[in-house]
Amino acid sequence: MAVRNSMLNRLLSRSSDLGVARWMSSSSSSSWWKSVEPAPKDPILGVTEAFLADPSPDKVNVGVGAYRDDNGKPVVLDCVREAERRIAGSSFMEYLPMGGSVKMVEETLKLAYGENSELIKDKRIAAVQSLSGTGACRLFADFQKRFHPDSQIYIPVPTWANHHNIWRDAHVPQRTYHYYHPETKGLDFAGLMDDIKNAPNGSFFLLHACAHNPTGVDPSEEQWKEISYQFKVKGHFPFFDMAYQGFASGDPERDAKAIRIFLEDGHLFGIAQSYAKNMGLYGQRVGCLSVLCEDEKQAVAVKSQLQQLARPMYSNPPLHGALIVSTILGDADLKNLWLKEVKVMADRIIGMRTALQENLEKLRSPLSWEHITNQIGMFCYSGMTPEQVDRLTNEFHIYLTRNGRISMAGVTTGNVGYLANAIHEVTKSA
């Protein structure tokens, strides 16, 4: 009887403990995420959501930076189609190394540093495949934090909004430097140079290599030379985000001019490259992060650390996009086809800039719109106020970000007149 009672008590105790545990688990799990609030909508992607929800037949989306043809349709380049045809029979589905496709990285470095670069031959560049330009920036931000934990990053005003997110989440303090001049709608070169001079020696600076996002305002070649000289004097580290090589002017060599100037002046620097815009590989997330080092030994060490940082993030990068890029750039005929196609895309954008300016001038706008054609790349920083942008959306069903940035890729011969008229209506009394 005593044994039976003892067993019964243990069972009751165990049952009670399980009940308490279940109650505690239920109680605590229900409160784990109570403090989580909905994240604010992305200012760029939110534009597309609103556009898609609008039933108006007249609606126009000039918000998102993705290329469209003159019918407003997405484009798959012929060189990409041919590359996919060639790799379609590949049965290779293994993991890439942590550093990604060696062939893709090699070809990508040639675009940035030059086809016959001695730096590539001397193996002075630490480079890894990245998850497009965003991934390259994030990987470098984490690298900066790990090996220069007390450093800051100087970011231009304005810049692509995600730059702030990237360095914030890498816990790198941010400072800003002057870049855009609202009155002239051009470069605030004097303010930029003052900020470079006044920054502590050995500071990190984020630079847009070409087709500055969101302004479309780039320094001239002579201004880049002055910037490079002052960086040398101050011992600053330049980190270039080059998301639009080839897409800005139609010539990848011309769009790499800032990089070449800094190379000539003997700088060490980093570059984030992306194939989203210039090959239309938006969804493939293929890019490259490179860091120019003092010698091969240092490059080996830096690459090993970049790979170490990538390991807990995503382990290794995706294969398909890397195969497309390496197939195109590794074949002379396909590369020449790509060069022709990227020029076609750039030329269409340039043509739409001219058409938009001419349409506004025909309407006898009291404002100057020369900045539309003075700027370069996918975006036009129109100078419109948030209130004027709200009117464009509410009255004319035209969607863009509230900072007045127009994605010229969304402008076509079919809608440029409507867009110009709407802009004129909301700005003529400004």
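The structure reproduced in this document is the subject of the present report. (Residues numbered from 1 in each chain as written. Predicted model: local features only at pLDDT ≥ 70, side-chain atom pairs only at ≥ 80, totals over all residues. Heavy atoms only, no water.)

Under the defined criterion, the tally for this structure stands at 21 aromatic pairs. Ring geometry for Phe140 against Phe204: centres 6.3 Å apart, planes inclined by 55°, an arrangement best described as tilted. In this pair, Phe140 is assigned in helix α6 (residues 132–147) and Phe204 in strand β7 (residues 204–208), connecting sequence segments 64 residues apart. Phe140 gets classed as buried once you look at its relative accessible area, which sits at 1%. Through a chain of ring-to-ring contacts, three or more aromatic side chains come together here, namely Tyr113, Tyr154, Tyr177, Phe205, Trp224, Phe231, Phe240, Phe262 and Phe269. Positioned above the aromatic ring of Phe51 is the side chain of Lys59, whose terminal nitrogen or guanidinium carbon lies 4.6 Å from the ring centre. One residue, Arg405, lies across the ring of Phe379, its end atom 3.7 Å from the ring centre. (Phe/Tyr/Trp six-rings, centres within 6.5 Å; stacked < 30°, edge-to-face > 60°. Helix = DSSP H or I, 4+ residues; strand = E, 2+ residues; numbered from the N terminus. Buried < 20%, exposed > 50% of the residue type's maximum accessible area, 1.4 Å probe, protein only. Lys NZ or Arg CZ within 6 Å of the ring centre and 35° of its normal.)

Here we take up unusual backbone geometry. Of the consecutive residues Val157 and Pro158, the connecting peptide bond is found in the cis state with omega at 0°. With respect to the helices, strands and loops of the structure, Pro158 is situated in the loop between β3 (153–157) and α7 (161–169). Note that the residue after Asn213, namely Pro214, is joined by a cis bond; omega there is 20°. Assignment of secondary structure puts Pro214 in the loop between β7 and α9 (221–234). Although it is not a glycine, Arg285 sits at a positive phi angle of roughly 55°. You can call Arg285 partly exposed: its relative accessible area is 32%. The phi torsion at His397 lies on the positive side, around 60°, for a residue other than glycine.

With that settled, consider empty space enclosed by the protein. A water-sized probe rolled over the atoms picks out the places where empty space is left. The final tally for this structure, using the stated rule, is one cavity of 30 Å³ or more. Lining the largest cavity are Leu111, Met242, Gln245, Gln273, Ser274, Tyr275 and Asn278. When grouped by side-chain class, the residues that make up the lining of the largest cavity number three nonpolar, four polar and no charged. (1 Å grid on protein atoms, 1.4 Å probe; cavity = no way out; pocket = protein on both sides within 12 Å on 5 of 7 lines; lining within 4 Å. Points joined across faces, edges and corners; volume = space filled by probe spheres on them. Nonpolar A, V, L, I, M, F, W, Y, C, P; charged D, E, K, R; others polar.)

By secondary structure assignment, the location of Leu292 is in strand β10 (residues 287–292). Put simply, Leu292 and Leu268 are 24 residues apart on the chain and 5.3 Å apart in space, counted from C-alpha to C-alpha. Residues contacting Leu292, with those up to four places away along its chain left out, are Tyr113, Leu119, Arg124, Ile125, Leu263, His267, Leu268 and Phe269. (Contact = heavy atoms within 4.5 Å.)

We now examine helix α13 (residues 320–329). Among the 10 residues that make up α13, eight are buried, leaving the element largely enclosed by the rest of the structure. For α13, the full list of buried residues reads Gly321, Ala322, Ile324, Val325, Ser326, Thr327, Ile328 and Leu329. Looking at the packing, one finds that the buried side of α13 touches α3 (78–87), α4 (102–113), β2 (125–130) and α14 (332–362).

Together, Trp32, Trp33 and Val36 make up an exposed nonpolar region whose accessible area comes to about 430 Å². Secondary-structure assignment places Val36 in the loop between α1 (2–31) and α2 (45–53). For Val36, a relative accessible area of 53% translates into the label exposed. (Patch = residues over 30% accessible without salt bridge, like charges linked within 9 Å, V, L, I, M, F, W, Y side chains within 5 Å. Areas by Shrake-Rupley, 256 points an atom, 1.4 Å probe, with all protein chains shown as cover. Salt bridge = Lys/Arg side-chain N within 4 Å of Asp/Glu carboxyl O.)

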